[in-house]
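Chain by chain, the residues run as shown.
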Amino acid sequence: MSKLHLVFGGRVSDPRTLDFNDLDTIEVVGIYPDFNSAQKAWRAAAQRTVDDAEMKYVVVHLHRLLEPDLIDPSPAG
């Protein structure tokens, strides 16, 4: 199975949390086949909004959600 990663973001009420203000305005950046590709996309999206403290982008390890019983020893997962 591919180690799929989802990158998305949006406006949050507090940048220390994942409490997105409006789920209808979430931006899906994309789904990527590996962590490095996802990280590059995340970094590019975050850089576009670097001056807006209420915007937050995250990387979700979809492969961990799809097969939670698999143990992955690598730090990037």
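Everything numeric here is computed off the predicted structure, so don't read it as measured data.

Parameters at a glance
Residues numbered from 1 in each chain as written. Predicted model: local features only at pLDDT ≥ 70, side-chain atom pairs only at ≥ 80, totals over all residues. Heavy atoms only, no water. Phe/Tyr/Trp six-rings, centres within 6.5 Å; stacked < 30°, edge-to-face > 60°. Helix = DSSP H or I, 4+ residues; strand = E, 2+ residues; numbered from the N terminus. Salt bridge = Lys/Arg side-chain N within 4 Å of Asp/Glu carboxyl O. Core = buried A, V, L, I, M, F, W, Y, C linked by side-chain atoms within 4.5 Å. Buried < 20%, exposed > 50% of the residue type's maximum accessible area, 1.4 Å probe, protein only. Contact = heavy atoms within 4.5 Å. Pairing = 2+ DSSP bridges. Axes fitted to C-alpha atoms, helices over the stretch in contact; angles between N-to-C directions. Expected span 1.5 Å × (residues − 1). Arc of directions from axis to C-beta. Polar contact = N/O pair within 3.5 Å; in protein donor to acceptor, adjacent residues only side chain to side chain.

Engineer: Could you give me a rundown of the packing of aromatic side chains, with the residues and numbers involved?
Structural biologist: Under the criterion given, the structure shown has one aromatic pair. Each ring, one from F8 and one from F20, has its centre 5.6 Å from the other, and the planes form 45°; the classification is tilted. Note that F8 is positioned in strand β1 (residues 5-11) and F20 in the loop between β1 and β2 (27-32), a separation of 12 residues in sequence.

Engineer: Give me the lowdown on the pattern of salt bridges, citing residues and values where you can.
Structural biologist: What the rule picks out here adds up to four salt bridges. Close ionic contact of R11 with D52 constitutes a salt bridge, the shortest N to O distance being 2.9 Å. On the criterion of sequence distance, the pair formed by R11 in strand β1 and D52 in the loop between α1 (35-48) and β3 (55-61) is long-range, its members being 41 residues apart. If you follow the salt bridges from partner to partner, you end up with R11, D52 and E54 in one network.

Engineer: Just give me the short version of the nonpolar core, but keep the residues and values in it.
Structural biologist: Of all hydrophobic cores here, the largest spans six residues; its members are L6, F8, V12, F20, V58 and L62. When near neighbours in sequence (up to four residues on either side) are disregarded, V12 contacts T17, D19, F20, N21, E54 and K56.

Engineer: Can you explain the sheet that holds β2? Please cite residues and give values.
Structural biologist: Paired through backbone hydrogen bonds, the strands of a sheet run either parallel or antiparallel to each other. Pairing within the open sheet is antiparallel, and its three strands lie in the order β2-β1-β3. Because the sheet does not close on itself, it has two edges, and the strands there are β2 and β3. Direction aside, the axes of adjacent strands within the sheet are offset by 15° on average. Pairing of β1 with β3, which is carried by seven bridges, proceeds in the antiparallel orientation. Directly across from F8, in β3, lies its bridge partner V58. Each of β1, β2 and β3 is contacted by α1, which is oriented at about 170° to β3, the strand it contacts most.

Engineer: Explain the pairing of β1 to me, and be specific about the residues and the numbers.
Structural biologist: By the criterion of burial, β1 is predominantly enclosed, with six of the seven residues buried. Bridging between β1 and β2 involves five bridges; their strand directions are antiparallel. By the bridge assignment for β2, V7 is matched with G30.

Engineer: I'd like to hear about α1, residue by residue, with values.
Structural biologist: Over its 14 residues, α1 runs 20 Å from end to end, which matches the ideal 20 Å to within 8%, given 1.5 Å per residue. All of the buried residues in α1 are A38, A41 and A45. End-on, the buried residues of α1 take up no more than an arc of 65°, which puts them together on one face. Turned more than 90 degrees off the buried face of α1, the exposed positions are N36, K40 and Q47. Taken together, the buried residues of α1 touch β1, β2 and β3. The N-cap of α1, judged by a side-chain oxygen 3.2 Å from the amide nitrogen of N36 a few residues on, is D34.

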